[in-house]
Amino acid sequence: MNKKLTAVVVLVLTIAILLVTLVPIRTHFARKSFKEALAFNRAKATISLKITPVFDGKPARADEMIIINLDNPLKPSEKFNLSPFKKTLTLTIPAKWLDVKFEGFDKHGLPIYRYKFLVRKYEVTLINVKDSLIGTKIVSIIPNKSLLTIPVEVEMRKTKFKKTKPAVRPFSKGYTEIEEYKNDIYGFTKIATLHSAPKERSQLVFPRGSIVYIQSKSREDSVEPLTTNWSNAGPAATQITSYTTSGYEQDGSSSVIKMYARYAYVRKKIVVSSSSGTVITYEELVFPLDSGGNGVQNYHTSLSEPSQMSGNKRLIGSGTGAQVNSDLKGVSGYYFTPAATLSFGVNYGQNGESANISLSLAAEAHYSQSPYVSIYIYGENGKNNDLWAFDKGTNWGVIYFKWVKY
């Protein structure tokens, strides 16, 4: 090997070693800086969205994309430019927290805090005019780390694009324009089930900042009013904005828990320009915003109780005075259907033609940022009996109870 080649190899190896060394160091300092900034509620998170378009269960093509921040109200006539599709999109967003709780010290004597972060929501819309495909997905971000990677699978659907005159904006790929936005749609929404056992009482507690996941839906059409079917746009993180509790269930009773949640509706015109002409389509999106915590209702019902314990298990206690708070967690894809039925009016066009929209939404037995079930034993249930909690394989999305001989 000649000296020049040897020098190149050494240089390449040196760069590789530096990269391997510097990446963990850079990550370490990013995490440290993030943790320190949290104390003053000034932290920022870097979010990497890994976006995959899918059609009929297979990878699909997307040419343009629209990213809309849904945190702030949208204004009629507000426009957002289309951009070329990217498989990876990086966002830097504030990591604001709504509440913080001190939980003791770690093994190094450093304080441990549990934060409840302000959830962020974005709408990701992908477009493929050539194949008449469009897809929309709500992306929910809980910015609880300095660096986060979030996979975003967007289900593309067949739609119609209406051709217009060749040049609406000849020097642009296109844009989307907000036609109507409403953020005052309310509905009682099934968010959980609550069980109890003999000589025990339970209550659901949602601290300020905790999160439930409620479905969003969208539809597209080439004309207004839109008449196509609604499609799933994904579960959206729905923040509880004030401390909320359900009523109690006790002595073996069960109930469905419904919460009064707020929703938004947005309709937009999507214009795509190219050398072959300009096309338009329209899209409507309905998604949950938040819940102020008022209007929680227990609907007492005879819910089916498992005869045998299964899944995760936890010992509660054996007699009067035993008390445990057990966090709700859950998992994506385990749905309460339907969870909410919404009905509201919208206006189309300059003449203000009105129409009524009705649709149902599901919700997941899926929770974040520590809502919990408060469990209290108020009496003995026979001799030598322990009360156990178990989840029937729902990752604590539902909590059941059973007295067991010990």
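A brief structural summary. (Residues numbered from 1 in each chain as written. Predicted model: local features only at pLDDT ≥ 70, side-chain atom pairs only at ≥ 80, totals over all residues. Heavy atoms only, no water.)

### Comments concerning the overall build of the protein chain
(1) Moving on: Summing up its helical and strand segments, the protein chain has one helix and 28 strands in all.
(2) Moving on: Relative to its full complement of 406 residues, the protein chain shows a buried share of 48%.
(3) Moving on: Residue pairs in contact within the protein chain that sit at least 24 positions apart in sequence constitute 76% of those at least 6 positions apart.
(4) Moving on: Approximately 20,500 Å² of the protein chain is accessible, and the part contributed by carbon and sulfur atoms is 53%. (Helix = DSSP H or I, 4+ residues; strand = E, 2+ residues; numbered from the N terminus. Buried < 20%, exposed > 50% of the residue type's maximum accessible area, 1.4 Å probe, protein only. Contact = heavy atoms within 4.5 Å. Areas by Shrake-Rupley, 256 points an atom, 1.4 Å probe, with all protein chains shown as cover.)

### Looking at a nonpolar patch on the surface
(1) Moving on: A cluster of nonpolar side chains, V100, F102, F105 and Y113, forms an exposed patch at the surface whose accessible area comes to about 410 Å².
(2) Moving on: Considering each element in turn, the nonpolar patch owes the most residues, three residues, to strand 7 (residues 97–105).
(3) Moving on: Looking at the secondary structure, you find Y113 in strand 8 (residues 111–117).
(4) Moving on: With relative accessibility at 42%, the residue Y113 sits in the partly exposed group. (Patch = residues over 30% accessible without salt bridge, like charges linked within 9 Å, V, L, I, M, F, W, Y side chains within 5 Å. Salt bridge = Lys/Arg side-chain N within 4 Å of Asp/Glu carboxyl O.)

### Focus: the sheet that holds strand 23 (residues 323–327)
(1) Moving on: Here we have four strands laid out as an open sheet, ordered 18-15-26-23, and antiparallel in their pairing. Edge positions in the open sheet fall to strand 18 (244–250) and strand 23, since each of these has one partner strand only. If you compare each strand with its neighbour and ignore which way they point, the axes differ by 20° on average. (Pairing = 2+ DSSP bridges. Axes fitted to C-alpha atoms, helices over the stretch in contact; angles between N-to-C directions.)

### Remarks on the pattern of salt bridges
(1) Moving on: In the structure shown here, the tally under the stated rule is 12 salt bridges.
(2) Moving on: The closest approach of N and O atoms between E220 and R157, which form a salt bridge, is 2.7 Å. Separated by 63 residues along the polypeptide, E220 in strand 16 (residues 211–221) and R157 in strand 12 (residues 157–158) bring together distant segments of the chain.
(3) Moving on: Under the relative-accessibility criterion, E220 is labelled buried at 6%.
(4) Moving on: Among the ionic pairs, R262 bridges to D290, the shortest N-O distance being 2.8 Å. Of this pair, R262 sits in strand 19 (residues 254–274) while D290 sits in strand 20 (residues 277–291); the two residues are 28 residues apart in sequence, bridging distant segments of the chain.
(5) Moving on: A cluster of three or more residues bridged by salt bridges with shared partners is formed by E179, E180, E224 and R267.

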